[in-house]
Amino acid sequence: MKKIILLMSIGLVFIFSGAVEAKLLPRFKGSSNNVGKKQAVSYSGLLISPKIRSDRQALIVTFSNLQKVNNVTYTLTYQTNGEDQGVSGTLDSSSGSSVTRELLFGTCSDVCRYHSNISNMKLEIVSQLPSGKQTLKRYRIRI
């Protein structure tokens, strides 16, 4: 009997509570995971601006406000013809306040060979804050 009364009172709370409004936390306002937009995404003071190169053979990532973090590690992974491919790198605060990296979808030595049939592309950025805390930002990239 007590269970029925409890369930009924929970149901009444839902009925009489009216409209529920979802609120976005301040740290997520203005951020976006859509690559290709011109605005930069900020988290923990670090600004990240990824965009696909015009020939669609590379991802250009600009990191700004590097002085706000100790270091940043980035990893781009994708599949081409069923095989895993990727590139990674690290930046630290001594790299300057703003750095741009061009992450090719392929390999280059004397001649560049670009991958085709690319799928499941993801960019993962881990930043080490001066407090010792790490932050993680993930992007799903469609080309």
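Sequence order as written defines residue numbering, which begins from 1 separately in each chain. Where local features are concerned, this predicted model is filtered to residues with pLDDT of at least 70; where side-chain atom pairs are given and counted, the filter is 80 or more; whole-chain, interface and lining totals use all residues. To obtain the side-chain values, all non-hydrogen atoms of the structure were included, while hydrogens and water were left out.

**A closer look at the sheet that holds strand β5 (residues 83–92)**
Going by this rule: Two strands qualify as a pair provided that DSSP identifies no fewer than 2 bridges between them. Where helices and strands are cited, they refer to DSSP runs of H or I of at least four residues and of E of at least two residues respectively, numbered from the N terminus. Here the axes come from fitting lines to C-alpha atoms, over the contacting stretch only for helices, and the angles between their N-to-C directions go from 0 to 180 degrees.
Read from one edge to the other, the open sheet built from four strands follows the order β5-β4-β9-β10, with strand pairing classed as antiparallel. Of all the strands in the sheet, just β5 and β10 (134–141) have a single pairing partner and so form its edges. Strand after strand, the sheet turns through a mean of 15 degrees between neighbouring axes, direction not considered. Sheet analysis places strand β4 (residues 71–80) next to strand β9 (residues 118–128), joined by nine bridges and oriented antiparallel. Bridge pairing in β9 links T75 to E124.

**Points about the state of the cysteines**
Put simply, the rule reads: For the purposes of this analysis, a disulfide is any pair of cysteine sulfur atoms at a distance within 2.5 Å.
Enumeration over the complete set of coordinates arrives at one disulfide. The disulfide bridge from C108 ends at C112, spanning 1.8 Å between sulfur atoms. Where C108 bonds to C112 through sulfur, the torsion about that S-S bond is close to 115 degrees, and the disulfide is right-handed.

**Quick notes on the environment of T75**
Rules: Only heavy atoms matter for contacts: two residues are in contact if any of them lie within 4.5 Å across the pair.
Here T75 shows up in strand β4. With 48 residues separating them along the chain, T75 and L123 place their C-alpha atoms 5.7 Å apart. Aside from chain neighbours lying at most four places away, what touches T75 is V87, S88, K122, L123 and E124.

**Comments concerning the pairing of β4**
The two faces of the sheet receive side chains in turn, since in a regular strand these alternate between them. Definition in use: With a 1.4 Å probe rolled over the protein chains alone, any residue whose accessible area is under 20% of its type maximum counts as buried; one over 50% counts as exposed, and the rest are partly exposed.
Residue alternation in β4 divides its side chains into a buried set, V72, Y74, L76, Y78 and T80, and an unburied set, N71, T73, T75, T77 and Q79. In this sheet, β5 lies alongside β4 in antiparallel orientation, the contact comprising 10 bridges. Bridge pairing in β5 places T75 opposite S88. Turn length for the β4-β5 hairpin, with the two strands adjacent in sequence and antiparallel, is two residues, and the turn residue N81 shows positive phi of about 50 degrees.

**Concerning the packing of aromatic side chains**
What counts, and what does not: Put simply, two rings from Phe, Tyr or Trp (the six-membered ring, in Trp's case) pair if the centres are within 6.5 Å, and we call them stacked under 30 degrees between planes, edge-to-face over 60, tilted for the rest. Geometrically, a charge over a ring is one whose NZ (Lys) or CZ (Arg) sits within 6 Å of the ring centre while staying within 35 degrees of the ring normal.
Within the structure shown, the criterion is met by two aromatic pairs. On the basis of an interplanar angle of 70 degrees and a centroid distance of 5.9 Å, the ring pair of Y78 and F105 is categorised as edge-to-face. Of this pair, Y78 sits in strand β4 while F105 sits in the loop between β6 (98–104) and β7 (106–108), and the two are 27 residues apart along the sequence. Residue F105 is classed as buried on the basis of its relative accessible area of 0%. Seen from the ring of Y139, K137 lies directly overhead, with NZ or CZ sitting 6.0 Å from the centre.

**What about the confidence of the model for the protein chain?**
Rule in force here: Known as pLDDT, the predictor's confidence for each residue is given on a scale from 0 to 100.
With 70% of its residues at a pLDDT of 70 or more, the protein chain shows a mean pLDDT of 79. Segment residues 27–34 is flagged for pLDDT under 50; beyond a separation of four residues in sequence, or across chains, it makes 12 contacts in the model.

**A look at the side chain of S127**
For clarity, the threshold we go by: Pairing of N or O atoms within 3.5 Å defines a polar contact, subject to two protein rules: one partner must be a possible hydrogen donor and the other a possible acceptor, and residues neighboring in sequence count only if both atoms are side-chain atoms.
Locating S127 in the fold gives a position in strand β9. Owing to a relative accessible area of 0%, S127 belongs among the buried residues under this scheme. Engagement of the side chain of S127 in a polar contact is seen with the side chain of T135, the distance being 2.4 Å.

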